[in-house]
Amino acid sequence: MSDEWMEFTKDTRPICKYGVKCYQKNPEHHETYKHPPQINKKAHVKTKTHRFKPYSKKETPKRAKNDEEQTSKDSKETKSKDGSPRTLTSSPEINLEIEIRNISINLPDNLTYYDKNSDHSIIKELFLTEMPKDFFKFFEFLNDGGKGIEKDLASVNLELIGPYDLLLGKLPVLDDKELYLIHGRFFFDPPEFQAVLKKKGKSQYHIGYFRDSPDDIPEFLASNDSEKDYVITPMAENIFAATYLYLQNEKKSSPFIAIACQKLLEKIKKYADDNDYSLEQYDMKKRKSKMLTATFHRAGIVVPYDKKSQLGYRPLVETDANLKKLFKNVEKASTQNEKDKILSELQPVITYSSIAMDECDFGTGLEAGVALFCSGLKELESSTLSSFNVAYTLLKREAFGKIIQAHMKYRRKGPDMSLLSSSKK
């Protein structure tokens, strides 16, 4: 055994879990943990992976002209986890220099509003996602009630929000189109989640459509209560079923509105039967067969993934449980030095997810973005935006990239996420 290894084995400090792959440069980290000596470099080279290392600064050997002609300027060849060759497409140029300002919303004094009979295509133009057929059918259903949409929903402690404001004639005409991307968007709503209903009053419980790509139809409707946590709970495949489920629960827990809930339940049941809408609860088994990981918000992520080459996703280097502890410790830290020390422990998660995306495992970057976003920590806002931006660009989900940029700029807490109420604060 070499002197270096003898010294390493006698060292009583705990071993760094990243071993020879540790990227930490923080002196305190190296004083706290011991790291294996890299003395057998030849053996290390033989066993290491051939995956693309974006931070490697080795000189590229000169190649013959014919070799250069055969290699695309926009791609690099490496090997997958099983040793088979894979092609890595160069990342497009991505702007990460976006300031997180958390600025207030200021609207003009003399507002005008979109006509409630405006073409429905305006919703996609303003909110960057297309609403499904049941979204509009639900509005028609409520409009036939006689008493008025808002009054009927108020009787069961609900109100329409977000894109529905266009159909209600309550959506202001603004020059700054970015503001529409945060209209009705709660603190823990990722770009995939578009809220359309909420409990009235001070509750932050809301219901919305969840989709994996801005060009896809929604996968399901889900609920979240941003005052409690970031968990997104799938409810149903259409808004009639989601509202039906909400009313069943509300009827049991709120006796004062039980009769109103029962009346609307009966109306929805009849309309669903007549128009072939299922009122079944969403089956999460269907979702699990497609999603690669549950993520922090538990709704999961779905990205292109090749099982044979394992290209598209790899797990984060930290478990969700460990990340939650680190996030909590950052929140509890009483001094800046203590906070910086904990943040340095989070850096490998960000670094390795960036490396994963360089190697075409775009899902890893998306998972990292979701985790950092769900932390809600101001200290991680830049890293959150960076992870999301790169992942959405590489996944060709640019609309989600625009939504998260607007959300992080204006991110705010509270029960009323309407542009109109936010501008008054």
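Structure's up top.
An account of the accompanying structure is given in this report. Being a predicted model, the structure only gives us computed values, none of them experimental.

**Points about helix α12 (residues 320-332)**
A rise of 1.5 Å per residue sets the reference length of α12, with its 13 residues, at 18 Å; its end C-alpha atoms lie 18 Å apart and thus fit the reference within 8%. Regarding α12, the residues found buried are L323, L326, F327 and V330. The buried residues of α12 occupy an angular sector of 100 degrees when the element is viewed end-on, so they sit on one face. Of the exposed residues in α12, those oriented more than 90 degrees away from the buried face are K325, E331 and K332. In this structure, the buried residues of α12 make contact with α13 (336-358) and α14 (362-375).

**Some remarks on the sheet that holds strand β4 (residues 193-199)**
The strand order β3-β4-β5-β6-β7 describes an open sheet built from five strands, whose pairing is antiparallel. The strands lining the two open edges of the sheet, one partner per strand, are β3 (158-160) and β7 (233-236). Here the strands of the sheet are splayed against their neighbours by 35 degrees on average, with no regard to which way each runs. In the packing of helix α6 (residues 133-143) onto the sheet, the strands contacted are β3, β4, β5 (205-210) and β6 (220-225), and the crossing angle to β3 comes to about 120 degrees.

**Quick notes on the pattern of salt bridges**
Across all of its chains, the model carries 17 salt bridges by this definition. Between K286 and E237 there is a salt bridge, with the nearest N and O atoms lying 3.0 Å from each other. Taken together, the residues K286 in helix α11 (residues 284-288) and E237 in the loop between β7 and α9 (239-253) connect sequence positions 49 residues apart. With relative accessibility at 47%, the residue E237 sits in the partly exposed group. Two residues, K328 and E331, come together in a salt bridge whose shortest N-O distance is 4.0 Å. Placement of the pair is K328 and E331 together in helix α12, with a separation of three residues, close to one helical turn. Classification of K328 as partly exposed rests on a relative accessible area of 44%. Connected through salt bridges with shared partners, the residues R314, E359 and D361 form a single ionic network.

Cut-offs applied
Residues numbered from 1 in each chain as written. Predicted model: local features only at pLDDT ≥ 70, side-chain atom pairs only at ≥ 80, totals over all residues. Heavy atoms only, no water. Helix = DSSP H or I, 4+ residues; strand = E, 2+ residues; numbered from the N terminus. Expected span 1.5 Å × (residues − 1). Buried < 20%, exposed > 50% of the residue type's maximum accessible area, 1.4 Å probe, protein only. Arc of directions from axis to C-beta. Contact = heavy atoms within 4.5 Å. Pairing = 2+ DSSP bridges. Axes fitted to C-alpha atoms, helices over the stretch in contact; angles between N-to-C directions. Salt bridge = Lys/Arg side-chain N within 4 Å of Asp/Glu carboxyl O.

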